[in-house]
Amino acid sequence: MGELKLMKGNEVIAEAAIRYGCDGYFGYPITPQSEVMETLMLQKPWETTGMVVVQAESEVASINMLYGGASCGKRVFTSSSSPGISLMLEGISYLAGAELPCLIVNVVRGGPGLGTIQPSQADYNQATKGGGHGDYQTIVLAPASVQEMNDHVGLGFDLAFKYRIPSLILTDGVIGQMMEKVVVEDQKPRWTDEEIKEKYGDWATTGKQKNRKGNIITSLALESEVMEKHNIHLQKKYREIEENEVLFEEFQTEDAEYLFVAYGSSARVCQKAIEIARAKGIKVGLLRPILVWPYPKKRVSELADQVKGMLSVEMSAGQMVIDVKLAVNGRIPVEHFGRFGGIIPSPAEVVEALEQKIIGGK
Amino acid sequence: MGELKLMKGNEVIAEAAIRYGCDGYFGYPITPQSEVMETLMLQKPWETTGMVVVQAESEVASINMLYGGASCGKRVFTSSSSPGISLMLEGISYLAGAELPCLIVNVVRGGPGLGTIQPSQADYNQATKGGGHGDYQTIVLAPASVQEMNDHVGLGFDLAFKYRIPSLILTDGVIGQMMEKVVVEDQKPRWTDEEIKEKYGDWATTGKQKNRKGNIITSLALESEVMEKHNIHLQKKYREIEENEVLFEEFQTEDAEYLFVAYGSSARVCQKAIEIARAKGIKVGLLRPILVWPYPKKRVSELADQVKGMLSVEMSAGQMVIDVKLAVNGRIPVEHFGRFGGIIPSPAEVVEALEQKIIGGK
Amino acid sequence: MADIDIKDIIKEENLIYTKPKVITDTVMHYCPGCSHGVAHKLVAEVIDDMDIQDKTIGISPVGCSVLAYNYLDIDWQQAAHGRAPALATAAKRLMPNHYVFTYQGDGDLASIGAAEILHACNRGENITVIFINNAIYGMTGGQMAPTTLVGMKTATSPYGRSTELNGYPLKITELIAQLPGVAYVTRQSVHTPAAVRKTKKAIRKGFENQDKKIGTSFIEIVSTCSSGWKLSPVKSNEWMEEHMFKFYPLGDLKDSEKESEESYKKYIE
Amino acid sequence: MADIDIKDIIKEENLIYTKPKVITDTVMHYCPGCSHGVAHKLVAEVIDDMDIQDKTIGISPVGCSVLAYNYLDIDWQQAAHGRAPALATAAKRLMPNHYVFTYQGDGDLASIGAAEILHACNRGENITVIFINNAIYGMTGGQMAPTTLVGMKTATSPYGRSTELNGYPLKITELIAQLPGVAYVTRQSVHTPAAVRKTKKAIRKGFENQDKKIGTSFIEIVSTCSSGWKLSPVKSNEWMEEHMFKFYPLGDLKDSEKESEESYKKYIE
Amino acid sequence: MAKVRGAIVVDQERCKGCGICVVACPTGVIQLAKQVNGKGYNYAVMDKPEACIGCANCGQVCPDSVISVYRVKI
Amino acid sequence: MAKVRGAIVVDQERCKGCGICVVACPTGVIQLAKQVNGKGYNYAVMDKPEACIGCANCGQVCPDSVISVYRVKI
Amino acid sequence: MTEEIIIAGFGGQGVLSMGKILAYSGVMQNQEVSWMPSYGPEMRGGTANVTVIVSDNRISSPIINEYDTAIILNQQSLDKFEDDVKPGGILLFDPNGITRPPKRKDIKVYTIEGAEEASKMGNPKTFNMIVLGAYLKLKPIIKTENVQKGLEKSLPERHHKLIPMNLEAIKVGMEKVSEF
Amino acid sequence: MTEEIIIAGFGGQGVLSMGKILAYSGVMQNQEVSWMPSYGPEMRGGTANVTVIVSDNRISSPIINEYDTAIILNQQSLDKFEDDVKPGGILLFDPNGITRPPKRKDIKVYTIEGAEEASKMGNPKTFNMIVLGAYLKLKPIIKTENVQKGLEKSLPERHHKLIPMNLEAIKVGMEKVSEF
Ligand SMILES: Cc1ncc(C[n+]2csc(CCOP(=O)(O)OP(=O)(O)O)c2C)c(N)n1
Ligand SMILES: Cc1ncc(C[n+]2csc(CCOP(=O)(O)OP(=O)(O)O)c2C)c(N)n1
Ligand code: SF4
Ligand code: SF4
Ligand code: SF4
Ligand code: SF4
Ligand code: SF4
Ligand code: SF4
Ligand SMILES: [Mg+2]
Ligand SMILES: [Mg+2]
């Protein structure tokens, strides 16, 4: 039935992972997400569920520990923040290439460079389009509340194992640092090797058995033909995920003439902005992608037939707006409004931006 | 007047750098670009021009050596290939954040993960949209011949210093490994600290002089307000570059009813495809971005008014096609054709793709 | 000498030495005479002898031995360049009753992966490290490695390694030996039958240490790379004996049968 | 005691000690009693004394001392976490007549930056490394560092560092001292006036070694972090004397006035 | 042997009241004030000024470089 | 003391002709063939089969694990 | 009911835990709550503040720029947040160390001598509970029994023995708060 | 004129340098050229091949899938590239080690006993120049004087003394090439 708590987003990530029956965590401190590892170390799950927690020497080591753990078919995760995630990108590309299920949490801070520790959403492109080298994708979950921080741990792992793909929770210092009410699940048992095999097949390095060939986790192909085949397989998988796993939420879109599109903490700001705007008589709604990859293209496209313009609100110089534009494909105006470098937009300025860029800008 | 040579693309990068008066190179071996460092080590420029060449312990060290050298106002570069570039992304974000001019060469290979050493163009998104964390851009040059490998070294440095921004040469194993005729420039002198100061201002760490404050190279701002200001400044600079520095080439677009859009080695394949297609009576032209960031949006948009459809040909699962679509904004069909994982498309299959996806697909 | 026909000797029952069971039938891609092949075989023999094929997890590096997974019939993880010790840390901690070993080249282990090997050893992970030191980057075409000898010519030190430009060859094994988390450190080679036998014993010990949970076992194998060195396989062995062994002397550097706590106590004195 | 009015003592001409010129007027953001402040001052005094403000380039790390560039009035580069030695390598090679130093914490230098410091020292870069070992990650809120003592409580070892889970405290300085590229290695502290004076001498020597071009100078300063340790500044010093010095004994570990070729010859024996 | 007398000046607004100078002073000159400065710190003051010998120990250990030391031979 | 006789079988198609076994053999049994195999290598052959004592040295050093060694006591 | 509060002061004053107890108390009476701290690198002498929202409805944005109530514990925070109190809202401050008192006329301003009362109680740690008591007097959004439950929930077991003293401190705060 | 050639064989046969000399010779007579090798990790026993294009016009794609001429030096390469010769094109091969000879009827097939002739010349290193000679006999796209210039340009100074022998080998190749 779960348990009601008041917790920080970062803390609940740790709590949820233990209760989900996660096998291992590997991480390196960085603000604003160090509470994830700190909570785990305080909880000592190795004494209860047997979960392994290792403070790695760096983010590069963390992500490669993740690779080692995921290769064993274990449910493992790591967390970091922007500069640390950048260091992980070779590893993330490897994880995607080798089709390893795992969970990576990015509590985004303002960049570029060392930047600031304040919240930001400027790692969206990195998470959804590029980041590491090569054509790959990861599932990208964008929680907008502490409750979702909890829920996305399980969802992230479930999707990761279903498709043998890394899942990434893309959140920021607001969601990571704030406390809200959250219902955490009851403790689930960790999976045995056998359960994993049964559910997801016998692909992991759990020791070569007589009845099968050695399991090899690799992303290498010396022959380009083999590599292309592998890539075609990956692309097919990605299309399948795009077909099956779209997840979003709408606020007051039924009668909306304008639309905010926003995820994570920006979506929270937009909810407040809707209150203000509607009080002024502006019929605006919100589409909040819950997963930002796969992106709710189809729904954005449908709404483009209903509303007169869309404003993508992000704590960045304009990244997700690309996905909105690609979905709308020129039918109605799409603009971006954002504050960045660690600044959170106020609801009032969001409304103002809607008025100027979309309503007035027509 | 220059000198006519027959050289590999990778070799000419090294040769051009020396002759341009480059101050330093820092790199780590990786196929298919190791000839860059090997050529430098063979040439021993430290005995002639005084250029420093260091084999670093890793790509992470290379990019941070680049940061150290660029901070001194020196003209420094590094080269690597996809997995190595992924490891550099934290550093690249730092370089962009600290506004350091420098040159990075990515001789792209097939990914994701360890992938293959064969040529690919699947790091386009990484280079132009995301890669490291935060909102940043680098100039991205996309040579399509050995001659351009030579020319882009100078162009890359010039733009880098003009705007205090990293330049990235995005090329691949085809251009890096092939030999073509190339005219290399005569040896130019390295700049003195004074010349750099005169041309580009006194920002570098060359030792604090009495008449100025200490020069500090950093990307940190503890206050989000300061960080946002810095980001606004960066975005302004990026818009300015988009305004001023667009560079592209067209082939047979005058009468074109269809358009290939392709860069680098794919553009070479497309030129051959045009020969085949025109022989069949299909009026197709080619737009080849020479810089892929800033992107020739305006020209793509203009051509959308002329042609009936565009095919973005890339050795990837479809990355640059996003930029084409954003520029076209729904007016005409835009499709992607690519081979990937190290496979180079044949001109014939490019023509076939045009016929099926664009001409037939209408 | 009593006369006996060759055919009478070559009989199943007289077979005393052949390819280990764990070695697959795939033709190894290594150059003729490459030490990697022998090292692979020895690991395979140890797995055969200990009968632990179903409990062994290998971590292959980026380097010529990246494809080791095609040659030893066990479960494998292919690591990013230099990061094998990180993978092994996680694998061993999550599956403490399995035997986990990394197999790494000198570029992989001593250059890009220096932090990972140092910290895995310092944490005293109960793993076995097989370190193939051929003083060069074999796979990428013979560039200088941290372990390249002074004066040695490589693709990136075409006039010979100079200490001024490139620094000193790194004795990473000597450094590793000083970490209290490390139980066993040895330096061996595989260029003669005797050396091969010693190395096999060392590898066996390294694997057995995992049962004892006494910390990391680290086995350096001073190796040849005939392609990188531009010598024939036989000449490579000679060159190795003459030059490499001087700088990288063979033998045990550390062998602590004691609990690592003990060695730690010594360490803090 | 002869009587003299305080006002007559406090006169320009009687001033014998004050803030060094190179220290700026910016208020340091450090917690009360933080060793970083003293270490900064000593570097500044050496720069003052050697009159090399116009030829010194500092590399600040990621860590509490990231903002060192606000406190010493010289040219600075702010490095990514752990990478200061890479920046310093390039800066020094490109500007060989400048004085280049890195200023790094224990997380920065011994954890994420282990490969960079090892290789810069191994190459024998002619730089000075100031290594502030406070056995903790100060800036991020007091997490465990590689140098955290066994049993020490931190945010990520809330029940005390356990060797089983977290491995052993890393004596990186002892490892560094063995590299032939390194000319001078010392471990000092700044908790008493005498210690401060010794440390200043060490830093001065580290800078002067750059003139001699004899390789890397590495100066560890065993430090306190009262916030991380959750002790008052004065108690922190006491705790440091009692616990840290046992494990990290003060004194010179290496001092090679000779050319590094010499020490290299010893190394290969 | 000529006697020496010393005195110190503490920049009270910048002092962080860490107390390290208090411990370092061989003659017990310094104490932390009961009052706090603008940042909320109990700053260092000369409690027994007559005992100061101008040895500069306090200055040397002060992390915030806020102590100036004066000395005269009398 | 019983005498031993040995013999080896080389998988000629997989032999890479490195010659390491040639050097390792204490009794000079092995030579490289004049002919090449499908990969272009001069493979190892028993040149003086009668000298083989079945010591397995050759097998142990063979990087490609292509030598099987047989031994009988006679 | 929706109450949007900022609590701001020095790092060591218990600002965050005051907010946390308030939020937990809200949870105890089944309300929606959010607690959003300012966060920074571990540095002493810095300011700390936390935004707490207690509401009967789902909370949209946990980040707000105007407050129903501002609880102010040092000069820097007063300078920073005075202007952000909604017209008609409340500003409660501890005058200890305040040299430039609030100037706004369109809000209600109260003071509580928290530091002084705490030292009178013989325990400087009760400071923040005294201030909380003062606040709850002005805005009785939470019943005392729920505050007690909130304390039970937010304090670790081993500190439960301190709850009576905390409740006592709250009472003191409720008594001593006064109009400015 | 545009001539598109593939040269393919074992790693050690001098495939790449043959292509390089051909390309350099093209440069010497002012033509456009491209030289595109297959490349792989340093492994012995692998195959190597290079595509050379010599043309009077700017070369569009350096990567092609059909060839005017295929010069084939081992069985693997024959198996791989026989089908890619343009109808009417030329296939030149060294029969040494070839067990399954070419089968196509719509192309012209020639042989050159390069290995044999080289060992006759007493220098196995002349092998690739003999094959080059055979090719130039079949397709005299480059004048011998330009081949000499090409050799001068592509060989390092210290090897220039070998040029006469190389030219001699080319001559041998020209003489010994024969229809299959
Ligand atoms: C991140 C990264 N950098 C560089 C490379 C290229 N690379 C492949 S193998 C190798 C070095 C191999 O040398 P070593 O580890 O000594 O192994 P050997 O081949 O000699 O056995 C390098 C640099 C890579 N694949 N990935
Ligand atoms: C890539 C990266 N990882 C992690 C961090 C977060 N971080 C900032 S400082 C620091 C550790 C600082 O500890 P130390 O080097 O010991 O310095 P101190 O603060 O103790 O002086 C960490 C992990 C970061 N900024 N960048
Ligand atoms: S290149 Fe060197 S290490 Fe690699 S297979 Fe060949 S001989 Fe072995
Ligand atoms: S956290 Fe520690 S290291 Fe950082 S300033 Fe405070 S006392 Fe110094
Ligand atoms: S040492 Fe400096 S900062 Fe500390 S109390 Fe004394 S004067 Fe103040
Ligand atoms: S100068 Fe010496 S005697 Fe005077 S206060 Fe300072 S430490 Fe004490
Ligand atoms: S050692 Fe093995 S591969 Fe080498 S020649 Fe002998 S049989 Fe052949
Ligand atoms: S078994 Fe011994 S004697 Fe026989 S061939 Fe092999 S090495 Fe020579
Ligand atoms: Mg090697
Ligand atoms: Mg520290």
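The structure this text deals with has already been given above.
As a convention, each chain's residues are numbered from 1 in the sequence order in which they are written. The lettering of chains begins at A and the numbering of ligands begins at 1, in the order of writing. It should be noted that, the model being predicted, local features are given only for residues of pLDDT at least 70 and side-chain atom pairs only at 80 or more, the latter also being counted only at that level, while totals for whole chains, interfaces and linings use all residues. Calculated side-chain values reflect all of the structure's heavy atoms, with hydrogen atoms and water omitted.

A. Main features of the overall build of chain E. Scanning chain E from terminus to terminus reveals two helices and four strands. Secondary structure elements of chain E occur, N-terminal to C-terminal, as β-α-β-β-α-β. Based on C-alpha atoms, the radius of gyration is set beside the globule rule, defined as 2.2 Å times the residue count to the power 0.38. Relative to the compact-globule value of 11 Å for 74 residues, chain E shows a C-alpha radius of gyration of 12 Å, a close match. Projected onto its principal axes, the C-alpha coordinates of chain E cover approximately 45 × 20 × 15 Å. Per-residue accessibility, obtained with a 1.4 Å probe over protein chains only, is compared with the maximum for each type, and a residue is labelled buried under 20%, exposed over 50%, and partly exposed between these values. A total of 74 residues make up chain E; the buried ones form 53% of that total. Should any heavy atoms of two residues lie within 4.5 Å, those residues are counted as being in contact. In chain E, of all internal contacts separated by at least 6 residues, the share reaching a separation of at least 24 is 61%. On chain E, roughly 3200 Å² of surface is accessible, and the fraction owed to carbon and sulfur atoms is 54%. The averaged location of the 5 negative side-chain charges in chain E is 8 Å from the averaged location of its 9 positive side-chain charges. Helix and strand definitions here come from DSSP, where helices need a minimum of 4 consecutive H or I residues and strands a minimum of 2 consecutive E residues; each element is numbered from the N-terminal end. Accessible surface is estimated by sampling points in the Shrake-Rupley manner with a 1.4 Å probe; for residues, cover comes only from the protein chains shown. Neither His nor the chain termini are counted; the positive set is Lys and Arg, and the negative set is Asp and Glu. Where a charge lies is defined by one atom per residue type, namely NZ (Lys), CZ (Arg), CG (Asp) and CD (Glu).

B. Molecular detail of the sheet that holds strand β13 (residues 291-293) of chain A. Residues and elements named next belong to chain A. At least two bridges found by DSSP between two strands is the condition for calling them paired. In space, the seven strands of this open sheet follow the order β3-β2-β4-β5-β7-β6-β13, with mixed pairing throughout. The sheet terminates laterally at β3 (52-55) and β13, the two strands that pair on one side only. Taking each pair of neighbouring strands and ignoring which way they run, the sheet shows an average axis angle of 20°. Pairing analysis gives two bridges linking strand β2 (residues 24-27) to strand β4 (residues 76-80), with the strands arranged parallel. Bridging from a neighbouring strand, Tyr25 pairs with Phe77 of β4. Along the sheet face, helix α7 (residues 146-163) touches β4, β5 (102-108), β6 (139-141), β7 (166-172) and β13 and points at about 160° away from the line of β7. All axes are obtained by fitting lines to C-alpha atoms, using only the stretch in contact for helices, and the reported angles, taken between N-to-C directions, cover 0 to 180 degrees.

C. Quick peek at the site of ligand 6. The criterion for a residue being near a molecule or strand is simple. One of its heavy atoms has to lie within 4 Å of it. Within the structure, ligand 6 sits among 14 residues, and Cys25(E), Cys52(E), Cys55(E), Ala56(E) and Cys58(E) are positioned closest to it. When grouped by side-chain class, the residues that make up the shell around ligand 6 number eleven nonpolar, three polar and no charged. Here the nonpolar group is Ala, Val, Leu, Ile, Met, Phe, Trp, Tyr, Cys and Pro; Asp, Glu, Lys and Arg are the charged ones; every other residue, Gly included, is treated as polar.

D. Spotlight on the sheet that holds strand β5 (residues 85-93) of chain G. Pairing is mixed across the open sheet formed by nine strands, whose spatial order is β1(A)-β8(A)-β2(G)-β3(G)-β1(G)-β4(G)-β5(G)-β6(G)-β7(G). Every interior strand has two partners, whereas the edge strands, β1 (3-8) of chain A together with β7 (178-179) of chain G, have only one. Direction of pairing for β1(A) relative to strand β8 (residues 179-184) of chain A: antiparallel, over a ladder of six bridges. Its bridge partner being in β8(A), Glu3(A) is matched across the sheet by Val184(A).

E. Spotlight on the interface of chain B and chain A. Chain B puts 54 residues into the contact, and the matching count from chain A is 54 residues. Buried area adds together the accessible area that both of two parts lose upon being put together, with accessible area traced by a 1.4 Å probe. Carbon and sulfur atoms supply 60% of the area that chain B and chain A bury against each other, a total of about 4500 Å² over both sides. When a carboxyl oxygen of Asp or Glu lies within 4 Å of a side-chain nitrogen of Lys or Arg, that pair is called a salt bridge. Remark: the boundary between chain B and chain A carries two salt bridges. With its nearest N and O atoms 2.6 Å apart, the salt bridge here joins Arg339(A) to Glu228(B). Nitrogen and oxygen atoms within 3.5 Å of one another constitute a polar contact, given that in protein one can donate a hydrogen and the other can accept it, and given that sequence-neighbouring residues count only through two side-chain atoms. Our enumeration of links across chain B and chain A arrives at 32 residue pairs in polar contact (both at pLDDT 80 or more). For the side of chain B that touches chain A, the element with the highest residue contribution is helix α11 (residues 224-244) of chain B, accounting for eight residues.

F. A look at the pattern of salt bridges. Summed over all chains, the structure comprises 101 salt bridges over all chains. A salt bridge links Asp23(B) to Arg190(B); the nearest nitrogen and oxygen atoms lie 2.7 Å apart. Placement of Asp23(B) in the loop between α1 (9-20) and β2 (24-27) and of Arg190(B) in the loop between β8 (179-184) and α10 (193-200) is noted, with a sequence separation of 167 residues between them. A relative accessible area of 0% means that Asp23(B) is categorised as buried. Classification of Arg190(B) by relative accessible area gives partly exposed; the value is 24%. A network of salt bridges, in which partner residues are shared, links Glu57(A), Arg93(C), Arg123(C) and Glu125(C).

G. Here's a closer look at the coordination of the magnesium ion (ligand 9). All names here are of chain C. Excluding water, the donors of a metal are its N, O and S neighbours within 2.8 Å, or within 3.2 Å for Na, K and Ca, and that exclusion means sites may look incomplete. Protein ligation of the magnesium ion (ligand 9) involves Asp106 (OD), Asn134 (OD1) and Ile136 (O), the donor distances falling in the range 2.0 to 2.1 Å. Taken in sequence order, the residues that donate to the magnesium ion (ligand 9) follow the motif D-x27-N-x1-I. Taken together, the positions of Asp106 in helix α4 (residues 106-112) and Asn134 in the loop between β5 (128-133) and β6 (136-137) put the pair 28 residues apart, joining distant regions of the chain.

H. Seen up close, the relation of the copies chain B and chain A. We place the copies in one frame by least squares, fitting the C-alpha atoms of every residue whose pLDDT is at least 70 in both. Mapping chain B onto chain A calls for a rotation angle of 180° and an axial translation of 0.0 Å; the resulting RMSD is 0.0 Å. Both copies of the chain, as the preceding transformation shows, are related through a two-fold rotation axis. Residues of chain B ranked by C-alpha distance from the rotation axis are headed by Gly131(B), positioned 2.0 Å from it. Mapped onto chain A, 100% of the interface residues of chain B again fall at the interface, so both copies present the same surface.

I. Quick look at the coordination of the magnesium ion (ligand 10). Around the magnesium ion (ligand 10), the protein contributes the donor atoms Asp106(D) (OD), Asn134(D) (OD1) and Ile136(D) (O), at 1.9 to 2.1 Å from the metal centre. Counting the intervening residues between successive donors of the magnesium ion (ligand 10) yields the motif D-x27-N-x1-I.

J. Here's a closer look at the nonpolar core. Among buried residues, the Ala, Val, Leu, Ile, Met, Phe, Trp, Tyr and Cys ones that are joined through side-chain atoms within 4.5 Å form a nonpolar core. In terms of nonpolar packing, the biggest core is built from 402 residues, with Phe77(A), Phe260(A), Met310(A), Phe77(B), Phe260(B) and Met310(B) touching the most fellow members. For Phe260(B), the residues in contact, after removing those within four places along its chain, are Cys270(B), Ala273(B), Ile274(B), Val284(B), Gly285(B), Leu286(B), Leu287(B), Leu311(B), Val313(B), Val350(B) and Leu354(B). Met179(B), Ile21(H), Ile90(H) and Val147(H) belong to the second largest nonpolar core, which has 41 residues in total.

K. Just the environment of Asp106(C), in detail. Residues and elements named next belong to chain C. Look at Asp106 and you get buried, because its relative accessible area is 2%. For the pair formed by Asp106 and Phe131, sequence separation is 25 residues and the distance between their alpha carbons is 6.9 Å. Discounting chain neighbours no more than four positions away, the residues touching Asp106 are Ser111, Phe131, Ile132, Asn133, Asn134, Ala135, Ile136, Ala145, Pro146 and Thr147. At 2.9 Å, the side chain of Asp106 and the backbone nitrogen of Ile136 are in polar contact.

L. The packing of helix α1 (residues 9-20) of chain A against α7(A), seen in detail. Residues and elements named next belong to chain A. Between α1 and α7, whose axes approach to 8 Å, the crossing angle comes to 40°. Overall, the two elements α1 and α7 adopt an arrangement that is oblique. Judged by the sense of rotation from one axis to the other, the crossing of α1 with α7 is right-handed. Here α1 contributes Gly9, Asn10, Val12, Ile13, Ala16, Ala17 and Tyr20 to the contact with α7, which in turn contributes Val146, Met149, Asn150, Val153, Gly154, Phe157 and Asp158. Angles below 35 degrees are treated as roughly parallel, those above 145 as roughly antiparallel, those between 65 and 115 as roughly perpendicular, and all remaining angles as oblique. When the near helix sits turned anticlockwise from the far one by under a right angle, the crossing is termed left-handed; a clockwise turn instead gives a right-handed crossing.

M. View of the arrangement of the chains. The structure contains 16 pairs of chains in contact, of which chains A and B account for the largest number of contacts. Contact between chain A and chain F is absent, and the minimum C-alpha spacing across the pair is 19 Å. Considering only C-alpha positions, the minimal separation of the non-contacting chain E and chain F is 63 Å.

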